[in-house]
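Here is how the chains run, residue by residue.
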Amino acid sequence: MTGAGRAIRLQSRTLRRLLRSRAAIASIIFLALLIAVAALSPVLMPHDPARQDLLDRFQGPSWQHWLGSDSLGRDNLSRLIQGTRVTLWAAFEAIGLSIALGIPVGLLAGYVGGVLDSVLSRIADVFLALPPLILALAIVGISGPGLTNAMIAVGIVLAPRFFRVARAAAGSVRNETYIEATRATGCSTTRILFRHVLPNSSGPLLVQVTFALGLVVIAEASLSFLGLGAAPPTASWGGMVQDAFENIYSSSFQLIAPSVMITLTILAFSTLGDALRDALGRQSRVGD
Amino acid sequence: MALLEVEDLTVDYFTSNGSVRVVEGVGFTVAQGETFGLVGESGSGKTVTSLALLGLVGAPTGRVAEGSIRFNQRELRGLSRRELDRIRGRDIAMIFQEPRRSLDPAFTVGDQIAETVLAHRGVSRREAWRRAVEMLDLVRIPSAERRAHEYPHQLSGGMAQRVMLAVALSCSPQLLIADEPTTALDVTVQAQVLKLIRELQRELGLSVLFISHDLGVIAEMCDRVAVMYAGQIVEQAPVNELFLHPRHPYTAALLASIPHSGIIGGQLRAIPGSVPAAHAWPLGCRFNPRCDHAVDRCRVDVPLVSSISAGDNRFARCHLANSLALEGIS
Amino acid sequence: MLKLAAGRLLTMIPILLGIILITQLLLSLMPGDPAKIMAGQLATPEAIEQIRIDLHLNKPVWEQFGYYVDDLAHGSLGDEPGSGTPVSSEIGAALPITLSLAGVAMVFTAVLGLVAGTLAALRRGRFADRAVTATASVVQAIPPFVVGLVLVILLAVNRPWFPASGYVTFSDGPWTWFWHLILPAVTLSLASAAELARQTRGALSDTLDQDFIRACRAKGQRELWVVGKHGAKNAATPVVTVLGLQVGRILGGAVLVELIFGLPGFGALALNAVQTRDIVLIQAVVLISAVAVLLANLLVDISYTYLNPRVRA
């Protein structure tokens, strides 16, 4: 049951348009590879990422260590691979929380309107008034460091964005005829929201998810860099950069691999997000 | 003496499908003190023609491919931006169809008139402002002094068009190009603005190139008229002649399709078909698919402009121009 | 305009109260015993109990909220548990450093972003435009701490052209002050400049497509005038909006940058607060950050009334 008018549904037509962009295809391939590496990481890692070898510190690339070794003699490549899994898993956690918090509340606010909408919007505005990293820091400060806590913080920080998009989408779809028809048949509000409003707003929501994933990667990397994310000996890309920073006078080579991975991942997400938005494009843009 | 001479003007537009010819072989003259009308439906190329005169068609929109535009015997085509700037607003001025969109919403009305004066005359700011108020007066805007401090969004459509006129006439140009100046206005306001243009023309000895799709307005305002269709001029004549004795089937069809008060209970005849798009102009005569009088020759040979009466004031682009007896209106 | 400013300042208050309330609520959800965590591992039971009393941790949430607001009304952001140092003096020492950093970074952002964005808009579709847009995308994807580290390595470690760390106050020598701030400010400003460049390009392009720009040219105005006066003022609204948004981004980035460059500013203070689980300081940091962002928004809104006459009514 599709709606005409302003429903912006993710359809095969959109997917086809998306796949016409070479940048989008490159991003998708890259991200797919990343997911594969993360999934297969135990198999792919040549060494135990936590194994230290203090005689072998700060090695450059060699047969034994393709990407060299770090300040404690650990193999950089293995740590990079482990970091891939850590980053993707963390991103999944954070986004999951964000979506669970932001979308249902947003849909409700947009659909119902009125006082509920005003109050919820004000709360979202309050959250959005704070610089994201500061808010994340505050939450970590309260809950304590650690990757899971850090991702909870990031999830909370990003939830208002999903709130806004979901609210706008619900608000624009609310008055469509097919929604009224569904209401007339006595459907409950929850059912209407999840079975009709949500699928028809899936386009802009997916765009927002893609961009948010990029933000999560930056946030996780930043928090790990600050020592508040993944705790050693677990490897994470941000943590590897922190290691590089602390040993900056000994070896500047350590910086390259994790930085490149972080940057490419973020670039992939933002490129994909842009392409997705363009593919959905000619219809009205809903939300942020 | 001819103020403006246009010869063989040809304009291409750059679209996503490549370069498209939108105006071809257009030529006409405007004499001193005369009001010359350019009439046609949308898509005929009349607006593009007017923009090209002032050099407003260029990269990345399009280019003037061929032709000559002479103002006071001086060739305008090929002039540098700096030289064009000296002519625009000072010798030739232009007003546009949507007056409120053609005024900058961020600056006062007075400021926009004054800046034109400042650009062309070496006067002080105070003097330029004084002139701005004077111009608002000239276009019959009450409380000119106060109005000068207002912003475009505070004006009605008719008021905005008067302001546009004030801007255009602030440096006493010789030629005013008016591109559909009243199309976006209410009918009563239309009449007022047209009356104003006529009066100003008399007072200032202005020549006007008047562009419109509305034959009624053309009849009211113009001395001579050219009819455009699919990027070409298909007929040119003094206004009375055009209306009484049209020589091109398109002109006749246009005349037959307008309601006029003389005839009650007569039939409005719409022209069958629609105006062809610029990249899909028919072969031969461009009007032939819709023409009642088309013969085989019309589908193959492109008709050249043929002169009808002695003196270049009358011609039509039709193979049968001299033989058809077409119906006009009185 | 003053009326607008006063009105907006008033609406800031409920938002700030909301933030205080939310932080109080979050604190009440804190796992473990806040007093013990703040006191540290070596603290005596008496010290822990003292903290509990000082911070009213045994009282219900709304009472805590009340105490906090009351303190605030008396100009206090609380005192450090244990040492008793007023938080406001700590912030007072750190804030000027971050303000210097943020100020220089905003200037870099504005200059770089506006120039690049204008260039791209004026050469739309051509090489300069595509180069700017592509570069901006890539730059925005690079995490700020990576930028900082790269700059430090290239320009301070490998080649000691710039100092790798440290802050010099303005009164000790303006040039050295600036010299120490260049690398950190550039680091902070790059991502923001990229965003600004994209927005400027979009806004200016859209403006130059408008009818009144064509009408301006038809009046014989020189192109520089058309773009610089008419184009700029009309494109300014979205540009100023984006500029205002960068304040929040720069405040967040300051945490990372101050760590990398060893600047004892507000960001470093915030990080320290989080590392030591210092709740009092964390609350103050959140509050001050919110004030900064809201003030920036206020300035942006005030500028709208100047830029867009339709807003004035």
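Residues numbered from 1 in each chain as written. Chains lettered and ligands numbered in written order. Predicted model: local features only at pLDDT ≥ 70, side-chain atom pairs only at ≥ 80, totals over all residues.

A. Quick look at the overall build of chain B. Each helix and strand in chain B was counted, giving eleven helices and twelve strands. Computed over C-alpha atoms, the radius of gyration of chain B comes to 21 Å, within 12% of the 20 Å expected from 2.2 N^0.38 for 330 residues, which places it in the range of a compact globule. With the C-alpha coordinates of chain B rotated into their principal frame, the extents come out at 65 × 50 × 40 Å. Of all 330 residues assigned to chain B, the portion counted as buried reaches 46%. Put simply, 63% of the contacts in chain B that link residues at least 6 apart link residues at least 24 apart. (Helix = DSSP H or I, 4+ residues; strand = E, 2+ residues; numbered from the N terminus. Rg over C-alpha atoms; globule rule 2.2 N^0.38 Å. Buried ≥ 20, exposed ≤ 12 C-beta atoms within 10 Å, placed from the backbone. Contact = placed C-beta atoms within 7 Å.)

B. Structural context of the sheet that holds strand S2 (residues 18–31) of chain B. Pairing within the open sheet is antiparallel, and its four strands lie in the order S2-S1-S4-S5 (chain B). Each edge of the open sheet carries a strand with a single partner, namely S2 and strand S5 (74–75) of chain B. (Pairing = 2+ DSSP bridges.)

C. Inspection of the environment of A:Val126 at higher detail. Residues and elements named next belong to chain A. Within the element layout of this structure, Val126 appears in helix H5 (residues 114–128). A count of 19 C-beta atoms within 10 Å places Val126 in the partly exposed class. Separated by 34 residues in the primary sequence, Val126 and Pro160 have C-alpha atoms spaced 9.4 Å apart.

D. Focus on helix H9 (residues 211–218) of chain C. Listing the buried residues of H9(C) in full gives C:Phe212, C:Ala215, C:Cys216, C:Arg217 and C:Ala218. Buried residues belonging to H9(C) abut strand S6 (92–95) of chain B together with helix H10 (223–261) of chain C. Directly beyond the C-terminal end of H9(C), a positive phi value near 95° is found at C:Gly220.

E. Local environment of the interface of chain B and chain C. At the interface, 24 residues of chain B touch 19 residues of chain C. Sorting the residues of the side of chain B that touches chain C by element identifies helix H2 (81–87) and helix H3 (109–120) of chain B as the ones contributing at least two each. Its residues assigned to classes, the side of chain B that touches chain C shows eleven nonpolar, five polar and eight charged. (Nonpolar A, V, L, I, M, F, W, Y, C, P; charged D, E, K, R; others polar.)

F. Summary view of the interface of chain C and chain A. Facing the 40 residues of chain C at the interface are 34 residues of chain A. When contributions to the side of chain C that touches chain A are tallied by element, the ones reaching two or more residues are helix H1 (2–28), helix H6 (127–141), helix H7 (144–157), H10, helix H11 (266–275) and helix H12 (279–307) of chain C. The biggest single contributor to the side of chain C that touches chain A is H10(C), with eight residues. Tallied by class, residues from the side of chain C that touches chain A come to 32 nonpolar, six polar and two charged.

G. Region of interest: unusual backbone geometry. All names here are of chain B. In this model, Asp8 sits at a positive phi of 55°, which is unusual for a non-glycine residue. Looking at the secondary structure, you find Asp8 in strand S1 (residues 2–15). Even without being glycine, Gln73 reaches a positive phi, approximately 70°. Owing to 9 C-beta atoms within 10 Å, Gln73 belongs among the exposed residues under this scheme.

H. Spatial organisation of the nonpolar core. In this structure, A:Ile134, A:Ala136, A:Val154, A:Val216, A:Val241, C:Ala270 and C:Val285 are the most contacted members of the largest nonpolar core, which totals 160 residues. Lining this core are residues from two domains, each supplying at least three of them: domain 1 (1–76 + 276–313) and domain 2 (95–269) of chain C. Filtering out sequence-adjacent residues up to four positions away, A:Ile134 remains in contact with C:Leu251, C:Gly252, C:Ala270, C:Val285, C:Val286 and C:Ser289. Among the nonpolar cores identified, the runner-up in size contains 102 residues, and B:Val133, B:Leu169, B:Met221 and C:Ala218 belong to it. (Core = buried A, V, L, I, M, F, W, Y, C linked by C-beta atoms within 7 Å. Domains from an automatic or database assignment.)

I. Local environment of the domain arrangement of chain C. Residue and element names in this part refer to chain C. When the domains of chain C are assigned, the result is domain 1 (1–76 + 276–313) and domain 2 (95–269). A straight line from the C-alpha centre of domain 1 to that of domain 2 covers 30 Å. For the side of domain 1 that touches domain 2, a count of residues per class yields eight nonpolar, four polar and no charged.

J. Summary view of the confidence of the model for chain C. Residues and elements named next belong to chain C. Residues with a pLDDT of 70 or more make up 99% of chain C, whose mean pLDDT is 85. For chain C, helix H2 (residues 34–39) is the element with the lowest average pLDDT, namely 74, and H9 is the one with the highest, namely 93. Model confidence for the complex: the whole-complex pTM is 0.85, and ipTM, which rates the interface, is 0.87. (pLDDT = per-residue confidence, 0-100.)

K. Fine view of the arrangement of the chains. Between all two pairs of chains that are in contact, chains A and C come out with the most contacts. There is a gap between chain A and chain B: no contact, and a shortest C-alpha distance of 17 Å.

L. Expanded view of the pairing of S6(B). All names here are of chain B. With burial as the criterion, each face of S6 is covered, one bearing Ile92 and Met94 and the other bearing Ala93 and Ile95. Sheet topology note: the S6/strand S7 (residues 175–179) ladder contains four bridges and is parallel. Directly across from Ile92, in S7, lies its bridge partner Leu175.

M. Looking closely at the packing of H1(C) against helix H4 (residues 61–73) of chain C. Residue and element names in this part refer to chain C. Two numbers describe how H1 lies on H4: the axes approach to 10 Å, and their chain directions differ by 135°. The pairing of H1 with H4 is recorded here as oblique in orientation. Here H1 runs over H4; the crossing is right-handed. Every residue of H4 that contacts H1 at Ile20, Leu21, Gln24, Leu25 and Ser28 is listed here: Val61, Gln64, Phe65, Tyr68 and Val69. Of the residues in the contact of H1 with H4, the class split is seven nonpolar, three polar and no charged. (Axes fitted to C-alpha atoms, helices over the stretch in contact; angles between N-to-C directions. Parallel < 35°, antiparallel > 145°, perpendicular 65-115°, else oblique. Left-handed = near helix turned anticlockwise from the far one by under 90°.)

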